[in-house]
Structures are given as C-alpha cells and as structure tokens.
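# Examination of the molecular architecture
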Amino acid sequence: MTTNIYIEHASGAAYPQWDAKACYGPDAIYPEFSSESGEIVLSQENKVYEMVRNTIAGLGMDSEHFGTCDWNPFQDFIAQGETVLIKPNMVCHYNGDKRYGTDCLVTHPAIVRAVLDYVVLALNGSGRIILADAPVQSCDFEVLVKELHYDGLVDYFQNNGISVELMDLRQLDEVYLQSLSHNACFTAKNEDVTVSIGEDSAFCSRKDMKKTADKLRITNYLPEHMREYHDEDKHMYSVAKAVLEADVIINLPKPKTHRKAGMTASLKNMVGCVAKKECLPHHTKGSKAEQGDEYLKKSVFKRWRTALEEKNDRLVAKGRKKSGLIGLVQIFLYKASKVSHADVYAEGSWYGNDTLWRTICDICRVVMYADKTGAMQPKQQRKMLILADMIVSGEGEGPLCPSPKPVGILLGGWEQIAVDKVIAALMGFDSEHFPSIKNANLGKEYRLPDSTAEISSNNPVFHKKSRQEIKKKVVPFLPTSGWKECLEESI
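For the protein chain, the count of helices and strands is 15 helices and 16 strands. A globule of 491 residues ought to have a C-alpha radius of gyration of about 23 Å, and the protein chain, at 22 Å, matches this closely. With respect to the three principal axes, the spread of C-alpha positions in the protein chain is 70 × 45 × 45 Å. Of all 491 residues assigned to the protein chain, the portion counted as buried reaches 57%. Here the analysis covers contacts within the protein chain between residues at least 6 apart in sequence; of these, 74% occur between residues at least 24 apart. Here the protein chain contributes 60 positively and 65 negatively charged side chains, and the mean placements of these two sets differ by 8 Å.

For strand β15 (residues 401-413), the buried fraction is high: ten of the 13 residues fall into the buried class. With five bridges connecting them, strand β1 (residues 2-9) and β15 associate as antiparallel partners. Across the sheet, residue tyrosine 6 finds its bridge partner in β15, namely glycine 412. One ladder, built from eleven bridges, connects strand β14 (residues 383-397) with β15; its direction is antiparallel.

Evaluation of the coordinates by the stated rule reveals 16 aromatic pairs. For the pair tryptophan 71 and tyrosine 118, a centre-to-centre distance of 5.5 Å together with 70° between the ring planes defines the contact as edge-to-face. Placement of the pair is tryptophan 71 in the loop between α1 (47-58) and β2 (83-88) and tyrosine 118 in helix α2 (residues 109-123), with a sequence separation of 47 residues. Considered together, tryptophan 71 and tyrosine 118 belong to a single accessibility category, that of buried residues. With 5.2 Å between their ring centres and 70° between their planes, tryptophan 350 and tyrosine 351 make a pair best called edge-to-face. We classify tyrosine 351 as partly exposed; its relative accessible area is 27%. Feature note: the residues Phe33, Phe66, Trp71, Phe74, Phe77, Tyr118 and Trp414 constitute an aromatic cluster, connected by ring pairs. Cation over ring: arginine 53 sits above tyrosine 30, and NZ or CZ is 4.1 Å from the ring centre.

Okay, the environment of isoleucine 111 next. With respect to the helices and strands, isoleucine 111 occurs in helix α2. For the pair isoleucine 111 and tyrosine 15, spaced 96 residues apart in sequence, the C-alpha separation works out to 9.0 Å.

Quick look at the side chain of aspartate 293 now. By the element assignment, aspartate 293 lies in the loop between β13 (283-284) and α9 (300-317). Judged by its relative accessible area of 1%, aspartate 293 falls in the buried class. At a separation of 2.6 Å, a polar atom in the side chain of aspartate 293 contacts the main-chain amide nitrogen of threonine 284. In contact with aspartate 293, not counting residues within four places along its chain, are Arg206, His283, Thr284, Gly286, Ser287, Gly348, Trp350, Gly352, Asn353, Asp354 and Thr355.

Tracing the backbone shows valine 422 in helix α12 (residues 416-426). Sequence spacing of valine 422 and serine 451 is 29 residues, and the spatial spacing of their C-alpha atoms is 12 Å. Sequence-distant contacts of valine 422, defined by excluding residues within four places in its chain, comprise Ile5, Ile7, Leu411, Ala453, Ile455 and Arg467.

Their axes nearest at 9 Å, the elements α1 and α2 cross at an angle of 50°. Accordingly, the angle class assigned to the pair α1 and α2 is oblique. For the element pair α1 and α2, the recorded crossing hand is right-handed. Taken together, the residues of α2 that come into contact with α1 (itself represented by Val48, Tyr49, Val52, Arg53 and Ile56) are Ala110, Ile111, Arg113, Ala114, Val115, Asp117 and Tyr118. Its residues assigned to classes, the contact of α1 with α2 shows nine nonpolar, no polar and three charged.

Applying the stated criterion to the full structure yields 24 salt bridges. The residue arginine 303 makes a salt bridge to glutamate 290 at a minimum N-O spacing of 4.0 Å. Placement of arginine 303 in helix α9 and of glutamate 290 in the loop between β13 and α9 is noted, with a sequence separation of 13 residues between them. Salt-bridge contacts for aspartate 354 lead to arginine 358; the nearest nitrogen and oxygen are separated by 3.0 Å. Under the relative-accessibility criterion, arginine 358 is labelled buried at 6%. Where salt bridges share partners, they join Arg206, Asp208, Asp293, Asp354 and Arg358 into one cluster.

Rules of the game
- Residues numbered from 1 in each chain as written.
- Predicted model: local features only at pLDDT ≥ 70, side-chain atom pairs only at ≥ 80, totals over all residues.
- Heavy atoms only, no water.
- Helix = DSSP H or I, 4+ residues; strand = E, 2+ residues; numbered from the N terminus.
- Rg over C-alpha atoms; globule rule 2.2 N^0.38 Å.
- Buried < 20%, exposed > 50% of the residue type's maximum accessible area, 1.4 Å probe, protein only.
- Contact = heavy atoms within 4.5 Å.
- Lys, Arg positive; Asp, Glu negative; His and termini not counted.
- Charge placed at Lys NZ, Arg CZ, Asp CG, Glu CD.
- Pairing = 2+ DSSP bridges.
- Phe/Tyr/Trp six-rings, centres within 6.5 Å; stacked < 30°, edge-to-face > 60°.
- Lys NZ or Arg CZ within 6 Å of the ring centre and 35° of its normal.
- Polar contact = N/O pair within 3.5 Å; in protein donor to acceptor, adjacent residues only side chain to side chain.
- Axes fitted to C-alpha atoms, helices over the stretch in contact; angles between N-to-C directions.
- Parallel < 35°, antiparallel > 145°, perpendicular 65-115°, else oblique.
- Left-handed = near helix turned anticlockwise from the far one by under 90°.
- Nonpolar A, V, L, I, M, F, W, Y, C, P; charged D, E, K, R; others polar.
- Salt bridge = Lys/Arg side-chain N within 4 Å of Asp/Glu carboxyl O.

Printed below as a string of structure tokens:
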C-alpha cells in the first residue's frame, strides 16, 4: 500500500501580518472564489495562503478542475451536511523561552484561514464547522485566541454569514492568579465522553503492567485521578464530545521537538482531543531499574523531589497555594542529585520514556475508531486530512520552550504514520528513534494505516525522493536535551 504526501516549499516564506479587513486572506482572487463577490478580500503578500492552496492541489484533490471556477478540492472528502473538526496545535499562549514568540509554538491562524475557505466551499452552506484544541492546562485560552487573532478569524466568517465554533476542549482550565505562587482556579467547560480501548490498549503490551499500573503519572495531576482511567485491567480516555461528533478531522500540527516524545507532529496533535488531562499517562514513576521511566538511574534525591511535587499538587487540589518551602527543598534536591552524579533526566523527559508513546497510540486510535457515543467500532469512523505547518517549526526544548526553526514547508497527507515519518526526515532524524511513530500501528482490532509514502514536491530536492535521501539534504533540528544522546547518533 502507498499513500501520497506532498511537500510545498517556499524559501523565506513568512506568516502575514494581521489585518482585520483582510483576515489572512489571499493576495490574489483565485478562480474558485471569483463568483464569491465581496467575500475574498485582497491583503498584503500572503505566501501562506498560496502554499495551502498548492499543497491541496499537490495531493491531487479535484485535479481535473484545478485552475478553474469549478475547483472544489474538498468536495470528495467533505460531504454537504457533515461536521468538520479543524484541529490546530494551540499548546499555550506564550513561549516558555521568553526570547521567542509563538510562531514556532502554535499552528498559525493564516493556515486555518485558507483551510476554512475550502471547507466552506465544500459544505456549501450546510453542516457544522468546529475549530478547537485542548492546550496545556496552564494556557489562558482567551489570551491565546485574542493575541493570535483566532477570535478575529471567527468573527470574519461570522460577518459573512458562516458559523465557526471556536472551542477550548478542556473540561477544566487553570487560571493563574497574581501571587507569590500559582493558585489554580478550576472552571467546568465542555462535555466529555469516556472511551474504553480495552485490551487493545498499547499499555496492555507492557509486560510489567501489573507492577507499573499504579505508577502512571502526568505532572501536576494526582495519581488517584489517573487510576480512575488506568489500572491493570482497564484503559480509558476522556475525549471531548465535539471530537466524536465530527465526521471529518483536518489535522493541523505544528511539528517541533518534544521533551517526552522526542518530536510532535500529526500523531501527538491528537492528544489535544482529550478533555481531561488526568487520563493521559506521560511517564511512569521511578527509575528504569524500578520499572519506571521518570529517569534512568536510581536516585533518592529524585524520589524525594517527586514526592514533594505530589504534595504540592495536593495543596493545589484543595484550593491552596503551592508551598514555597517545598519548592526550595525541591531545588536543593535537584542540585543534590547533580552532585551525586545522577543522570540529568526528570519527569520522563528523555529518550527512555516508555509511557507517552502508548498514550499517543491509544488516543489516535480512539479518535479514529470511537463512534459518537464513545463505543469503539471495527471500522474507522472519521476521515482525516493532515496539513503540517512547518513554515516555522520549533527545535530545542519543545513543546513549551522551543526555539524557532524557519523551514518554509507546508506538508500534506492522508495517513498520520506516513506523514510523521516524512516529518522526522525533514527534521534530520530517523523515525525509528521515536516510539510514538515506530509503534503507532500497534493493535489487533484498531490499527492506524502504515503505508509507504510516495513523496511529491514543488522542490526537486524532495520530489520523488526517499526519506533517507531527504534526511541527508536538510539541516537537522536541535533535539531537546533529554533526546540528544539518542538523536544525535542518527544525524
């Protein structure tokens, strides 16, 4: 089996500036929109819109009509009356590295604008459009959508009589108050559906699951909340209801390096479909020798530090502030662990993480196989198109503190595994080093397709080339500190 992947490359491409009237619109009136008088507004130069258009065309969508007023590229992909979920990677409202902005962090809304135009064309006044993500718990969603002008994008379509539902998929969000320490205030939001993946969970292939079930962790959440979703015999996930209501998902990842997964692209982007993050195992408590993957070697200092972190989490859960004293002791323990020559890894942020890939694998299959009620079905329930925003990617300490990596690429495809393998090559890495890609087709009943990629591109450097050939032609991304030892060997 083969699947088509298209790479649109524009050297020096940059995101357009926000213009309330133009709203990231195209800088030319294309034939397919020429009859829509007044809806398409010219703006300053907008290479991004053209790149989206060329990528869609490069995938061969409605190719016989391309360049004419009849071109409707999504018409065979989106049926009139269907619900379409547009899923960008929103992550957070600020880059943790204060030297840089959000261009390398968040899917740029200029991509979304172009995609929306073609979704609207296909739906032809029918159906439902949802624009949504579940960013990290500390993200201020209102600040994010305002500063990146996602709200202005929605208003633009609303003013043209088209409803686009902008959703924060988190059921709970965390608002940080001005104080000496962080005080979390939780507010219930969207509905969720609990989905059980049962014995087909990637965690069931873990031979030591009996010993590790109680050790599954996600930073800042209490272990007992995790155990409501995962134990030796069950594996369940809280998925946003809006995701399961979708017939079509347009997956718009922002590829970048990732401390726990090594890299994040179309597979990892589906984790943002989950409403309650306490159901998402990110690492397993303890050292490798203790059946954990939090860090490599045993360390009493790291064990105490983790225990104190959970103590602070319990204070927050009770509506109290984190203890400053506990924070100081944690700093001391961190320094003590370094003096004792322990490894530098913590919280599963290293290449030995054997947990997060299983979560990613499970979520991707839940998103594709769970029906609207949350019941897993033998056939895939949704269609998916992937458009990866690599115009500016992120390297270094992603996903929250990345450095910008200008790449000038928009990549399109239909299958997540094939897309992520090519993205890994564009980053200068072998996909075999990333368990979330290597094991993504795991499963007996619910499997993601794993076809061979046929790569085409407007750039001869990539056109009809293999992943290994592409890998040799790119400037490698800087890995996160916890993955350097693993990934630098493959460069």
